Amino acid sequence: MALQRVAVIFDHKVRPDTTGIYCRRALGRLVEVEHFLPSEVSRIPRNRFDLFLNIDDGLRYRLPKELRPVAWWAIDTHLDLGWYLTKAPDFDFVFTAQRDGAANLRESGIDSATWLPLACEPEIHRKHHVAKRFDLCFVGNLFPGPRTDLLEAVQKNFPGTFVSQ
């Protein structure tokens with residue numbers, strides 16, 4: 001069965017930088033796509049889509065069981081594997097952004113878990129010709145632990161360092 005219409009489900013209000021934004025844009029070049037917030041799942045027409053695709057947005061919610069076929073792209077399995085193991089059985093297909101995330105899910109009985117690494121949006125993630133402002137940049141999430149400790153040491157020793165989301 002060829003996909004023609006895909007419902008993508010993710011929240012972009014709490015995290016406007018969510019991977020779902022890029023997925024929606026890329027999928028829209030291939031098929032007809034309609035975006036729904038998690039709070040809107042009750043109004044998604046059940047028989048209008050060939051696939052329901054939930055893009056991990058870092059929030060905790062479950063989808064109704066009648067959305068079929070349904071896939072999930074789990075982005076941050078390394079942050080709370082327990083939650084991902086709870087949610088994953090709800091889906092016909094599970095993809096993970098980390099290779100070891102797919103392996104961990106498969107080892108726990110999620111047979112469909114497949115590695116689907118993150119990519120880039122060539123129109124956005126490209127070289128931009130701008131004046132140099134920083135010597136070193138880190139763009140990502142900070143959590144207590146080794147990453148934050150390392151970045152604090154880098155900032156202390158290299159004052160021209162930028163660290164943020």
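Along every chain, residues carry numbers that run from 1 in the direction the sequence is written. Reporting of local features is limited, given that this is a predicted model, to residues whose pLDDT is at least 70; pairs of side-chain atoms are given and counted only at 80 or more, and all residues count toward the totals for whole chains, interfaces and linings. The basis for every side-chain value is the complete set of heavy atoms in the structure, and neither hydrogens nor water enter the calculation.

> For this particular structure, what's the right way to read the overall build of the chain?
Secondary structure elements are defined from DSSP: runs of H or I of at least 4 residues count as helices, runs of E of at least 2 residues count as strands, and each element is numbered from the N terminus. On a plain count of helices and strands, the chain comes out with four helices and eight strands. Secondary structure of the chain in N-to-C order comes out as β-α-β-β-β-α-β-α-β-β-α-β. Overall, the C-alpha framework of the chain stretches about 55 × 35 × 25 Å when taken along its three principal axes. Summary of the burial criterion: residues with accessible area below 20% of their type's maximum are buried, those above 50% are exposed, and those between are partly exposed, where the area comes from a 1.4 Å probe applied to protein chains only. Looking at the chain as a whole, 35% of its 165 residues qualify as buried. By sequence separation, contacts in the chain at least 24 residues apart represent 46% of the contacts at least 6 residues apart. The protein chains shown are the only cover counted for residues, whose accessible areas, like all others here, come from Shrake-Rupley with a 1.4 Å probe. Accessible surface for the chain amounts to roughly 10400 Å². Of this, 56% is attributable to carbon and sulfur atoms. Put simply, the chain has 22 plus and 21 minus side-chain charges, and the middle of one group is 4 Å from the middle of the other. The contact criterion used is simple: two residues touch if any of their non-hydrogen atoms lie within 4.5 Å. Residues scored as positive are Lys and Arg, those scored as negative are Asp and Glu, and His as well as the terminal groups of each chain are ignored. By convention, charge coordinates are those of NZ in Lys, CZ in Arg, CG in Asp, or CD in Glu.

> What's the story with the nonpolar core in this structure? I'm lost.
Generally speaking, a soluble globular protein has its nonpolar side chains buried in company with each other. Only buried residues count toward a nonpolar core. Its members are Ala, Val, Leu, Ile, Met, Phe, Trp, Tyr and Cys residues joined through side-chain atoms within 4.5 Å. Counting residues in hydrophobic clusters, the biggest one holds 21 residues, and the most contacted among them are Ile9, Ile44, Phe52, Leu63, Trp72, Val94 and Leu105. Listing elements by their share of this core, those giving two or more residues are β1 (5–9), β4 (70–74) and α2 (81–87). When residues of this core are assigned to their parent elements, the largest contribution, three residues, is made by β4. Look past the residues within four positions of Ile9 in its chain and what remains in contact with it is Phe36, Leu37, Pro38, Val41, Ile44, Leu53, Asn54, Ile55, Tyr61, Leu63 and Leu67. Counting 12 residues, the second largest nonpolar core, distinct from the first, contains Cys23, Leu53, Ala71 and Trp73.

> Just to check I follow, could you spell out the pattern of salt bridges for this structure?
Close approach of charged atoms allows side chains with opposite charge to pair. Salt bridges are defined as contacts in which a side-chain nitrogen from Lys or Arg sits within 4 Å of a carboxyl oxygen from Asp or Glu. Enumeration according to the criterion identifies 13 salt bridges in this entry. Arg29 is the salt-bridge partner of Glu121, the closest N and O atoms lying 3.1 Å from each other. Of this pair, Glu121 sits in the loop between β6 (114–115) and β7 (136–139) while Arg29 sits in the loop between α1 (19–28) and β2 (32–36); the two residues are 92 residues apart in sequence, bridging distant segments of the chain. For the salt bridge of Asp90 with Lys65, the shortest nitrogen-to-oxygen distance reads 3.9 Å. Of this pair, Asp90 sits in the loop between α2 and β5 (93–96) while Lys65 sits in the loop between β3 (51–55) and β4, and the two are 25 residues apart along the sequence. Judged by relative accessible area, Asp90 falls into the buried class, the value being 13%. A network of salt bridges, in which partner residues are shared, links Arg5, Glu32, Glu34 and Arg48.

> Would you mind showing me how to read the sheet that holds β1 here?
Adjacent strands of a sheet form backbone hydrogen bonds with each other and so pair up, either parallel or antiparallel. If you walk across this open sheet you meet the six strands as β2-β1-β3-β4-β5-β6, and the pairing is parallel. Edge positions in the sheet fall to β2 and β6, since each has one partner strand and no second. With two bridges joining them, β5 and β6 adopt parallel strand pairing. Pairing of Phe95 across the sheet is with Thr114, part of β6. Any two strands are treated as partners once DSSP identifies two or more bridges connecting them.

> Just to check I follow, could you spell out the packing of aromatic side chains for this structure?
The description of two aromatic rings rests on the distance between their centres and on the angle between their planes. Any Phe, Tyr or Trp ring, taking Trp's six-membered ring, that has another such ring centre within 6.5 Å forms a pair; planes under 30 degrees apart are called stacked, those over 60 apart edge-to-face, and the others tilted. Summed over all chains, the structure comprises five aromatic pairs. A centroid spacing of 5.9 Å and a plane angle of 85° characterise the contact between Phe36 and Phe49, whose relative ring orientation is edge-to-face. One end of the pair, Phe36, is in strand β2; the other, Phe49, is in the loop between β2 and β3, with 13 residues separating them in the sequence. Of the residues examined, Phe36 reaches a relative accessible area of 1% and is grouped as buried. Between Trp72 and Tyr84, the aromatic rings sit 5.3 Å apart at their centres with planes inclined by 10°, giving stacked as the arrangement. Remark: Tyr84 occurs in helix α2 and Trp72 occurs in strand β4; sequence separation between them is 12 residues. Three or more aromatic residues joined by ring pairs make a cluster, and in this case those are Phe36, Phe49 and Phe52. Lysine NZ or arginine CZ positioned within 6 Å of the ring centre and within 35 degrees of the ring normal marks a charge as sitting over the ring. Above the plane of the ring of Tyr61 lies Lys87, whose end atom (NZ or CZ) is 4.2 Å from the centre.

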